[in-house]
Amino acid sequence: MGSGPSLLDREDVHVVIVGGGYAGIQLARNLKNKARFTLIDPKEMLYHNVGAVRSCTEPGFAKKILIPYAPTFGENFKQGAVTGIDAAGKTVLLASGETVKYSHLVLATGSTGAFPGKLPDGMTTTAEVTEKSEAVLKLVQAAKKIVIIGGGAVGTEIAGEIATDYKDKEVTLIHPRDKLVNGESSDAFQKRLKEILQGLGVKLVLGERVTNLDQLPTDRVENVTVVTDKGTEISADLVIPCTGLKVNSMAYKDSLASSMEDNGSLKVNNFFEVQGTEGIYAIGDCTNIPETKMAYRAGMHADLLVKNILAQETGGTRKEYKPDPFIMVVSVGRKAGLGQKGTSLLPEFVVRMLKARDMMTGRYWKEMGQKLPR
């Protein structure tokens, strides 16, 4: 944030951030030396899920995607799960029974989904996540025919990682739509992405939905048949589900039910203020802002919200959030990547350097002020 107004001498200002994902850590970093804050998360570390797909193929990579909060935020970090919000009393309630008072409450709870794109509920320690990542890696190494169900960003990237690192394996990607990753992407993006995947040997089954997912084991190597609604049958010995994300509304679903959309996201205005509340904001994946949910955009939300809180408390002028044009970058293994900004494709070598090379691990360890483990 650089120089500018500071609220550190204001005892009446205490920003409580619920959720330590990309939006939450950016907000907390921006508040350092600016205002009193507390970052609350059930986990002891940031799960850098942008890079998590590589932990399924590269031994030892899991330690590079788990960045502890305490060395960065010290006493400003509190490990715990928020279970309720008292908007009138301006306090949040933790599962432990502890309450924390706030002047400004920022909900940055993100989204939930299948591992490795997201962590299962209750997985809160580095040791647990490392064990889970290594278990998936061993399954990938042992399998011969791998079927990935879901061609969003995570499913597409896992397909690319496995096909790049393990050329002896048959990899099939099944997706219910004809467009991979994101429906907003251009025909040129889709054409090139499919060329790269097929060039790696990935078989694409598009426009078909798996009908027997509930009957398929996902935690072991076992010969099974995956069936789609078009009658296609695919032999597999490992099934990796990468299906849709859901808004993580656990912290506020009871307290702020009237401010929620049907999908659990919070209704916010252009200043990130939650509808029908005072002093409560939401940023990142848990908002109803009509844009593609990305770490990049979560950071933009955090940057602007901190500036607005500082301006509001020092007599300055707040600025409204205006979503950027469509932007997306996808890695396809460690040697390929594809991106789009607006309607134009990004140079592929830029995406390789930006993301595919190290899955942005170096960048996030540096931003957290810590050293990337080797």
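Residues numbered from 1 in each chain as written. Predicted model: local features only at pLDDT ≥ 70, side-chain atom pairs only at ≥ 80, totals over all residues. Heavy atoms only, no water.

Visitor: I keep staring at the overall build of the chain and nothing clicks. Help me out?
Guide: When you go through the chain residue by residue, the secondary structure sums to 8 helices and 21 strands. The C-alpha radius of gyration computed for the chain amounts to 21 Å, which stays within 12% of the reference 21 Å derived for 374 residues, consistent with globular compactness. Once the C-alpha set of the chain is aligned to its principal axes, its extents read approximately 60 × 45 × 45 Å. Across the 374 residues that make up the chain, the buried fraction comes to 53%. Pairs at least 24 residues apart make up 62% of the contacts formed inside the chain by residues separated by at least 6 positions. As presented, the chain carries roughly 16,700 Å² of accessible surface, and 50% of it is formed by carbon and sulfur atoms. Computed over 47 positive and 43 negative side-chain charges, the separation of the two mean positions in the chain equals 6 Å. (Helix = DSSP H or I, 4+ residues; strand = E, 2+ residues; numbered from the N terminus. Rg over C-alpha atoms; globule rule 2.2 N^0.38 Å. Buried < 20%, exposed > 50% of the residue type's maximum accessible area, 1.4 Å probe, protein only. Contact = heavy atoms within 4.5 Å. Areas by Shrake-Rupley, 256 points an atom, 1.4 Å probe, with all protein chains shown as cover. Lys, Arg positive; Asp, Glu negative; His and termini not counted. Charge placed at Lys NZ, Arg CZ, Asp CG, Glu CD.)

Visitor: Help me understand helix H1 (residues 22–31) in this model?
Guide: Because an α-helix packs 3.6 residues into every turn, residues spaced three or four apart end up facing the same way. Among the 10 residues in H1, 9 count as buried, and that is most of the element. Within H1 the residues assigned to the buried category are Tyr22, Ala23, Gly24, Ile25, Gln26, Leu27, Ala28, Asn30 and Leu31. Asn33 occupies a position one or two residues after H1 and carries a positive phi of about 65°.

Visitor: Hey, could you run me through the packing of H1 against helix H6 (residues 295–313) in this one?
Guide: If you want to describe how two helices pack, look at the angle between their axes and the distance between the axes. Two elements in contact, H1 and H6, have axes whose closest approach is 8 Å; the angle formed by their N-to-C orientations is 35°. Classified by chirality, the crossing of H6 by H1 is right-handed. Residue-level contacts link Tyr22, Ala23, Gln26, Leu27, Asn30 and Leu31 of H1 to Ala295, Ala298, Gly299, Ala302, Asp303, Leu305 and Val306 of H6. Class assignment for the residues of the contact of H1 with H6 results in 9 nonpolar, 3 polar and 1 charged. (Axes fitted to C-alpha atoms, helices over the stretch in contact; angles between N-to-C directions. Left-handed = near helix turned anticlockwise from the far one by under 90°. Nonpolar A, V, L, I, M, F, W, Y, C, P; charged D, E, K, R; others polar.)

Visitor: Even after reading the chapter, I still don't get the side chain of Thr164, so can you show me in this structure?
Guide: Checked against the element boundaries, Thr164 lands in helix H4 (residues 153–165). Judged by relative accessible area, which is 12%, Thr164 ranks as buried. A distance of 2.7 Å separates a polar atom in the side chain of Thr164 from the backbone oxygen of Gly160. (Polar contact = N/O pair within 3.5 Å; in protein donor to acceptor, adjacent residues only side chain to side chain.)

Visitor: Would you explain the pairing of strand S9 (residues 104–107) in this entry?
Guide: Side-chain positions along a regular strand alternate between the two faces of the sheet. With burial as the criterion, each face of S9 is covered, one bearing His104 and Val106 and the other bearing Leu105 and Leu107. As paired elements, strand S1 (residues 14–18) and S9 share 4 bridges and run parallel to each other. Bridged to Val15 within S9 is His104. Note that S9 and strand S18 (residues 280–282) share 3 bridges and pair parallel. The partner of Val106 across the bridge, within S18, is Tyr281. (Pairing = 2+ DSSP bridges.)

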